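# Analysis of the macromolecular model
Residues per chain, in single letters:
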Amino acid sequence: EKSGYDTFMEKEINDQPHAVADTLLGRTDADGNLRLDELHIEEDELRAVTKIVIVACGTAAYAGMVAKYAIERWTRIPVEVELAHEFRYRDPVIDGHTLVVSISQSGETMDTLMAVRHAKELGAKTVSICNTHGSTIPRESDAVLYTHAGPEIAVASTKAFLAQITASYILGLYLASLRGESYGRDAAEIMAELQGVPAKIEELLTTMDRVKEIAYFMADSRSVLFLGRHVGYPVAMEGALKLKELAYIHAEGFAAGELKHGPIALIEPGQPVFVIVPSPDSEHGLHGKVVSNIQEIRARGARTLVIAEEGDEDVVPFADEVIRVPRTSPLLAPLLTVVPLQVFALHLSTAKGLDVDQPRNLAKSVTVE
Ligand code: F6R
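Predicted model only: the values in this text are computed from it and were never measured.

Rules of the game
Residues numbered from 1 in each chain as written. Predicted model: local features only at pLDDT ≥ 70, side-chain atom pairs only at ≥ 80, totals over all residues. Heavy atoms only, no water. Helix = DSSP H or I, 4+ residues; strand = E, 2+ residues; numbered from the N terminus. Rg over C-alpha atoms; globule rule 2.2 N^0.38 Å. Buried < 20%, exposed > 50% of the residue type's maximum accessible area, 1.4 Å probe, protein only. Pairing = 2+ DSSP bridges. Near = heavy atom within 4 Å. Polar contact = N/O pair within 3.5 Å; in protein donor to acceptor, adjacent residues only side chain to side chain. Areas by Shrake-Rupley, 256 points an atom, 1.4 Å probe, with all protein chains shown as cover. Nonpolar A, V, L, I, M, F, W, Y, C, P; charged D, E, K, R; others polar. Axes fitted to C-alpha atoms, helices over the stretch in contact; angles between N-to-C directions. Parallel < 35°, antiparallel > 145°, perpendicular 65-115°, else oblique. Left-handed = near helix turned anticlockwise from the far one by under 90°. Contact = heavy atoms within 4.5 Å. Salt bridge = Lys/Arg side-chain N within 4 Å of Asp/Glu carboxyl O. Expected span 1.5 Å × (residues − 1).

### Quick look at the overall build of the protein chain
For the protein chain, the count of helices and strands is 15 helices and ten strands. In summary, the protein chain has a C-alpha radius of gyration of 20 Å against a globular reference of 21 Å for 369 residues, a match within 12%. Along the three orthogonal principal directions, the C-alpha set of the protein chain runs to about 55 × 40 × 40 Å. Within the protein chain, the proportion of its 369 residues that are buried is 57%.

Below is the structure:
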């Protein structure tokens, strides 16, 4: 059942093109317009939404953080992302015009389930983005948008993360088109670009040999930092989480803009730092700002492992290693940039002789609070 791979995690990383493609499947009509008949909430109710709150834990929460950038941009509805276990105990400001979107691979995470119940008590509409048919969270939600990643066996989440981002993007585009937003009118175009992502992941997966080598060289690392900005920020945190849980290495993800507000003090000669570089097409000069960050940490001796788009030559002078990802529009980049970070954690864990599929102290679904 590992289809020739040594571990479930490796198989699931390689399944990611399908996880994205299958999650996109059947959600557009012949003209490329979005059809979410499965979303059993009245269109008028969706049009009346004034706030979206995404609740989730761990990797699913990072998918939510990525989704916030896209959904706010496309719908102009304010989006909050909250860890499900914090949401409940905070007296959140929620009403009948709030859409609470839970994201969960298993559909059984107790913290997320409790957040959904709490949201319903407060009168919110609840949508579940979930990978497991018939599980508790979708059953208790008003509506569900399933991710079609297939069963995820490895404890560390990989393909579910990509499918969660994909599904939440579909939801965002659907809301945008219902509400007559301009991005809603472009939905078919953005969907077409999303349809092109699986082939790009496929292509990227064929170029991971160097990442494996780097992981083996770095097997003795005590600490690894990850920097990202905009949608690359949650990707940095996800990269750090993968490394903590799989290789038991201290890892932190930071927003690159925070560097000079503290984390740069951690940089000493030899400190490895992954940097997720925004696309050169990003707005507001974000690309140049992150290139400057690489320069700043390199000048202090950091070993810079740079994830950058194909053709982005600006990073080369300041990078100890450049890991290339195919070009795509800035909001879709997380579906690519996270892949080398998953592959890195997988191989570093293997290099240390650890159990990749069953890291210590962790369970696949956390059904207690
Ligand atoms: C990390 C990981 C966890 C889960 C989290 C939520 O690799 O797997 O952080 O993402 O426990 O689980 P679900 O998505 O089942 O609610």
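After that view, the rundown keeps rolling.
### Topic: the pairing of strand E5 (residues 143-146)
Both faces of the sheet carry side chains from a regular strand, because those side chains alternate between them. Residues Ala-143 and Leu-145 line one face of E5 and the alternating positions Val-144 and Tyr-146 line the opposite face, and both faces are buried. Judged from the four bridges that link them, strand E4 (residues 125-130) and E5 form a sheet pairing that is parallel. Residue pairing across strands places Ser-128 opposite Val-144, the latter belonging to E5.

### Some details on the site of the ligand
If you check the shell around the ligand, you find 14 residues, and the closest are Ser-104, Gln-105, Ser-106, Thr-109 and Glu-245. Within the backbone of Gln-105, one N or O atom sits 2.6 Å away from an oxygen atom of the ligand. Burial of the ligand by the protein amounts to 89% of the accessible area it has alone, namely 410 Å². Listed by contribution, the elements that provide at least two residues to the shell around the ligand are helix H4 (58-75) and helix H13 (232-247). Residues of the shell around the ligand, tallied by class, amount to five nonpolar, seven polar and two charged.

### Observations concerning the packing of helix H11 (residues 197-205) against helix H15 (residues 334-351)
One way to put it is that H11 packs onto H15 with a least axis distance of 10 Å and a crossing angle of 20°. Classified by the angle their axes make, H11 and H15 are roughly parallel. Remark: the crossing between H11 and H15 carries right-handed chirality. Contacts from Val-197, Lys-200, Ile-201, Leu-204 and Leu-205 of H11 reach H15 at Leu-335, Leu-336, Val-339 and Pro-340.

### Section: the pattern of salt bridges
Using the criterion set out here, one finds 22 salt bridges in the structure. In this structure, the salt-bridge partner of Glu-152 is Lys-364, at a minimum N-O distance of 2.7 Å. Taken together, the residues span a long stretch of sequence, with Glu-152 in the loop between E5 and helix H8 (159-178) and Lys-364 in the segment after H15 at a distance of 212 residues. A relative accessible area of 7% means that Glu-152 is categorised as buried. Among the residues examined, Lys-364 registers a relative accessible area of 28% and is labelled partly exposed. Measuring nitrogen to oxygen at the nearest pair gives 2.5 Å for the salt bridge that ties Arg-210 to Glu-213. In this pair, Arg-210 and Glu-213 are both assigned in helix H12 (residues 209-217), three residues apart and thus about one turn of the helix distant. The class for Arg-210 is partly exposed, based on a relative accessible area of 33%. Accessibility expressed as a relative area gives 41% for Glu-213, which makes it partly exposed. Bridged by salt links that share partners, the residues Lys-11, Asp-15 and Lys-159 form one connected network.

### Section: helix H6 (residues 110-121)
It helps to recall that an α-helix has 3.6 residues per turn; residues three or four apart then point in one direction. Between its first and last C-alpha atoms H6 spans 16 Å; for twelve residues at 1.5 Å apiece the expected length is 16 Å, and the two agree. Those residues of H6 that are buried are in contact with strand E1 (51-56), helix H5 (84-87), strand E3 (98-104), E4 and helix H7 (136-140).

### Quick word on the sheet that holds E1
Reading across from one edge, E2-E1-E3-E4-E5 is the order of the five strands in this open sheet, with parallel pairing throughout. The outermost strands of the open sheet, each flanked by one partner alone, are strand E2 (79-83) and E5. Ignoring strand direction, the axes of neighbouring strands in this sheet form an average angle of 20°. The sheet contact formed by E1 and E3 spans five bridges and is parallel. Looking across to E3, one finds that Ile-54 is bridged to Val-101. Strand contacts of H4: E1, E2 and E3, with the helix running at about 175° to E2, the strand carrying the most contacts.

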